[in-house]
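# Report on the structure
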Amino acid sequence: MGRRECAVGAVAQQINDAPASVSEAFERCKAEGKVAFVPFLCAGDPDLETTKEAIKILDRAGATVIELGVPYSDPLADGPTIQAAATRALSKGCPMESVLNMLAEVSPHIKAPIVMFTYFNPIMAMGCENFCKRAVEAGAKGLLVPDLPMEETQLIRPDATAAGLQMVLLATPVTPLERMKKIAELTEGFMYLVSVTGVTGARVSIADNVGTLVKTIKEASNKPVAVGFGISTPEHVKKVVSWGADGVIVGSALVRTLGEAPSPEEGLAAMQALTEDLVSAL
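Reading the values: the criteria
- Residues numbered from 1 in each chain as written.
- Predicted model: local features only at pLDDT ≥ 70, side-chain atom pairs only at ≥ 80, totals over all residues.
- Heavy atoms only, no water.
- Helix = DSSP H or I, 4+ residues; strand = E, 2+ residues; numbered from the N terminus.
- Buried < 20%, exposed > 50% of the residue type's maximum accessible area, 1.4 Å probe, protein only.
- Contact = heavy atoms within 4.5 Å.
- Areas by Shrake-Rupley, 256 points an atom, 1.4 Å probe, with all protein chains shown as cover.
- Phe/Tyr/Trp six-rings, centres within 6.5 Å; stacked < 30°, edge-to-face > 60°.
- Salt bridge = Lys/Arg side-chain N within 4 Å of Asp/Glu carboxyl O.
- Pairing = 2+ DSSP bridges.
- Axes fitted to C-alpha atoms, helices over the stretch in contact; angles between N-to-C directions.
- Arc of directions from axis to C-beta.
- Parallel < 35°, antiparallel > 145°, perpendicular 65-115°, else oblique.
- Left-handed = near helix turned anticlockwise from the far one by under 90°.
- Nonpolar A, V, L, I, M, F, W, Y, C, P; charged D, E, K, R; others polar.

The helix and strand inventory of the protein chain stands at 13 helices and nine strands. Looking at the 282 residues of the protein chain, the share that counts as buried comes to 52%. For the protein chain, the proportion of contacts with a sequence separation of at least 24, taken over those separated by at least 6, is 71%. As displayed, the protein chain has an accessible area near 12,100 Å², and 53% of this comes from carbon and sulfur atoms.

This paragraph deals with the packing of aromatic side chains. Enumeration according to the criterion identifies five aromatic pairs in this entry. Centre to centre, the rings of Phe117 and Tyr119 are 6.4 Å apart; their planes meet at 80°, and the pair counts as edge-to-face. On the basis of relative accessible area, Phe117 is assigned to the buried category, the value being 6%. Using a relative accessible area of 3% as the deciding quantity, one classes Tyr119 as buried. An aromatic cluster is present here, built from Phe40, Tyr72, Phe117 and Tyr119 joined pairwise through their rings.

Moving on, we come to the pattern of salt bridges. When the charged atoms of two side chains lie near each other, side chains of opposite charge can form a pair. Tallying each qualifying case throughout the model produces twelve salt bridges. The shortest N-O distance in the salt bridge between Arg88 and Asp45 comes to 2.8 Å. With a gap of 43 residues between them, Arg88 in helix α4 (residues 80-91) and Asp45 in the loop between β1 (36-42) and α3 (48-60) connect regions that are remote in the sequence. The exposure class of Arg88 is partly exposed, given its relative accessible area of 23%. One salt bridge connects Glu97 with Arg134, and the closest N-O pair in it is separated by 2.5 Å. Note that Glu97 is positioned in helix α5 (residues 96-106) and Arg134 in helix α7 (residues 128-138), a separation of 37 residues in sequence. Residue class for Arg134 comes out buried when judged on its relative accessible area of 18%. Because the salt bridges share partners, they merge into one network encompassing Glu49, Lys52 and Glu105.

One open sheet holds the nine strands; their spatial order is β5-β4-β3-β2-β1-β9-β8-β7-β6, and the pairing between them is parallel. Taken across any chain shown, the strands that pair with only one partner, and hence form the sheet edges, are β5 (166-167) and β6 (169-171). For strand β8 (residues 225-228) and strand β9 (residues 247-250), the ladder comprises two bridges, and the chain directions are parallel. By the bridge assignment for β9, Val227 is matched with Val248. This element, helix α2 (residues 22-31), spans β1, β3 (114-117), β4 (140-144), β5, β8 and β9 of the sheet and lies at about 140° to β1. Sheet contacts for α3: β1, β2 (66-69) and β3; angle to β1, the most-contacted strand, approximately 175°.

Let us look at α2. Looking at α2, one finds that the buried residues are Val22, Ser23, Ala25, Phe26 and Cys29. Here the buried residues of α2 occupy an arc of 165° about the axis, which is enough to place them on one side. Across from the buried face of α2, at angles greater than 90 degrees, the exposed residues are Glu27 and Ala31. Considering only its buried residues, α2 is in contact with β1, β3, β4, β5, β8 and β9.

For Val65, the position within the fold is in the loop between α3 and β2. Overall, the relative accessible area of 0% leaves Val65 in the buried class. In sequence terms Val65 and Ala25 are 40 residues apart; their C-alpha atoms lie 7.1 Å from each other. Among residues more than four places away in sequence, those in contact with Val65 are Val22, Ala25, Phe26, Phe37, Val38, Pro39, Ala112, Pro113 and Val115.

To continue, consider the packing of helix α9 (residues 177-186) against helix α10 (residues 209-220). The contact between α9 and α10 brings their axes to 10 Å, and the two run at 60°. The pairing of α9 with α10 is recorded here as oblique in orientation. Seen along the crossing, α9 lies across α10 with a hand that is right-handed. Here α9 contributes Leu177, Met180, Lys181 and Ala184 to the contact with α10, which in turn contributes Leu213, Thr216, Ile217 and Ala220. Looking at the contact of α9 with α10, its residues break down into six nonpolar, one polar and one charged.

Shown next as structure tokens:
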């Protein structure tokens, strides 16, 4: 067998060993004494072919889970970087159906589970049951709907559960402790702990009080806790790791690096370099 066949076989074996769920991906990380790296991309920025290549690069670089954002015209939780990325993607035509088709093409070739990050209106437009079935058929393992508060996740949870999608829930620094414990109980895969009060976006520094929140949540729940919003440098990553978080989520820094580059090729190269720097800090 030639070197090329061996390499292809090794990649196929790696894909076959891929985690069956978001939960399993975090469990493997913990068993290996590692902290999960969870990058976020906005689908369709600068185009869906580039998104497909970016997903492959993130997977090869060591992503534990990949969040795939579906572009939306009114992204309430997102800051200017991801809003701009969504606007660029939508201006070229990037409906949910196209995102799912792209995901179906790339998911057989990656190991990291995909969590769909989408607002509720695009889901309603497809119908909850249909969306969940289509997402799983395309290869998604999880779902995060940022504009659905905990109580309203019941609008889609039965369909998500039936299809096999794990629902990831958000908590913020101002979430009351008892509510945070309930969110930790209901979330699946991991809890997404927002590091700041406000929208997404790369920041110069991240607040130290989030470390206390991580400790409090981990004392009250055995669910993994991943920290996101504002994390953009290796120094930020090291700080989150020092807090005892189970995962680090990076979005805006990667989105900006990829989407605002002079060309898709330059964007992919720059995104890969940034990813490698971030992963090295874990």
